[in-house]
Amino acid sequence: MSTVTQPAVVTTIADLRARLEGRTVALTPTMGALHAGHLALVDEAVRRAETVVVSIFVNPLQFGPEEDLDRYPRDLAGDLAALEGRGVDCVFAPSAAEMYPDGRPQVTVRAGSVGETLEGRSRPGHFDGMLTVVAKLLGIARPAFAMFGQKDAQQLHLVQRMVADLDVATTIVPVETVREADGLALSSRNRYLSPEERAAAPALHRALEAAASAGDRGIDAALAAAQSVLMGEELIEVDYLKVVEPRTFLPVPDDYRGPARALIAAQVGPARLIDNDALYLN
Ligand code: PAF
């Protein structure tokens, strides 16, 4: 089935279920505004299963009242054009009423304490809303595999935890971050940046690289190296710069040695950007 050039567009849960009956499915959940980062997820899905579904749904549950739900980029025609010829069988593009017929669902997934740190601290309720829609999408499509980008590392961690904690029969496949030539991680929000902000934004990745290079001198040296890169950037307002233990996603203790992940979030003009990278602390 994955030789179809033009994906079918399915808007109801019943139609998607009927279409996927008896098939081994790989799902790529997205909120649309597809860029090369999403296409890397889609390509991995095509390698994993005979039937590939891309969901496109801007999930109101994961946006706070002050966030960019209304202006979040939506371009279904452009997204379909981007997916053409990539081996995607269908695009699931439900309305909010189809996903949440009674409005906000009474029963939702709670992300727990890790969901209240880092992104969750700045965006209360975000991860509960994200996990709730992901649980619904996994329940609707019942995929053998679901693709998630490493760029949203905390999201990936929490989805992996949900699937493990609730015994969901889907393998979560992490996919490496896709970057511009200057290191800026691809994001649908990059389009909000002015030319000056766009020129400043790669400092986020440079800071992560500096942290990784200094990691063999310990956590304080890694953080100081990252901070010194960011200090010179007036257009970047850092929200957090943290190093976590990858298995728990908790901050590493001062004497920690081993694999770790540095995470950064910053406001760059109108865009809240996040990025992360692996490092080894010694
Ligand atoms: O990463 C995203 O685009 C969204 O958080 C997701 C996983 C599609 C859930 O709405």
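Structure: above.
### So, the nonpolar core
Ranked by internal contacts, the top residues of the largest apolar core, which has 41 residues, are Leu16, Val53, Phe92, Met99, Leu131 and Val134. Those elements giving two or more residues to this core turn out to be α1 (13–20), β2 (25–30), β4 (90–92), α6 (126–141), β5 (145–149), α7 (153–165), β7 (236–244) and β8 (258–268). It is α6 that provides the largest number of residues to this core, a total of nine residues. When sequence neighbours within four positions are dropped, the list of residues in contact with methionine 99 reads Phe57, Phe92, Pro94, Val133, Lys136, Leu137 and Ile140.

### Focus: the sheet that holds β7
As a general point, the strands of a sheet are linked pairwise by backbone hydrogen bonds and lie either parallel or antiparallel. An order of β7-β8-β9 is seen for the three strands of this open sheet, with the pairing classed as antiparallel. One side of each edge strand has no neighbouring strand; the edge strands of this open sheet are β7 and β9 (271–281). Pairs of neighbouring strands in the sheet enclose a mean axial angle of 15°, with direction left out of account. One ladder, built from eleven bridges, connects β8 with β9; its direction is antiparallel.

What counts and what doesn't
Residues numbered from 1 in each chain as written. Predicted model: local features only at pLDDT ≥ 70, side-chain atom pairs only at ≥ 80, totals over all residues. Heavy atoms only, no water. Core = buried A, V, L, I, M, F, W, Y, C linked by side-chain atoms within 4.5 Å. Buried < 20%, exposed > 50% of the residue type's maximum accessible area, 1.4 Å probe, protein only. Helix = DSSP H or I, 4+ residues; strand = E, 2+ residues; numbered from the N terminus. Contact = heavy atoms within 4.5 Å. Pairing = 2+ DSSP bridges. Axes fitted to C-alpha atoms, helices over the stretch in contact; angles between N-to-C directions.

Function cannot be inferred from these measures alone, as they are strictly geometric.
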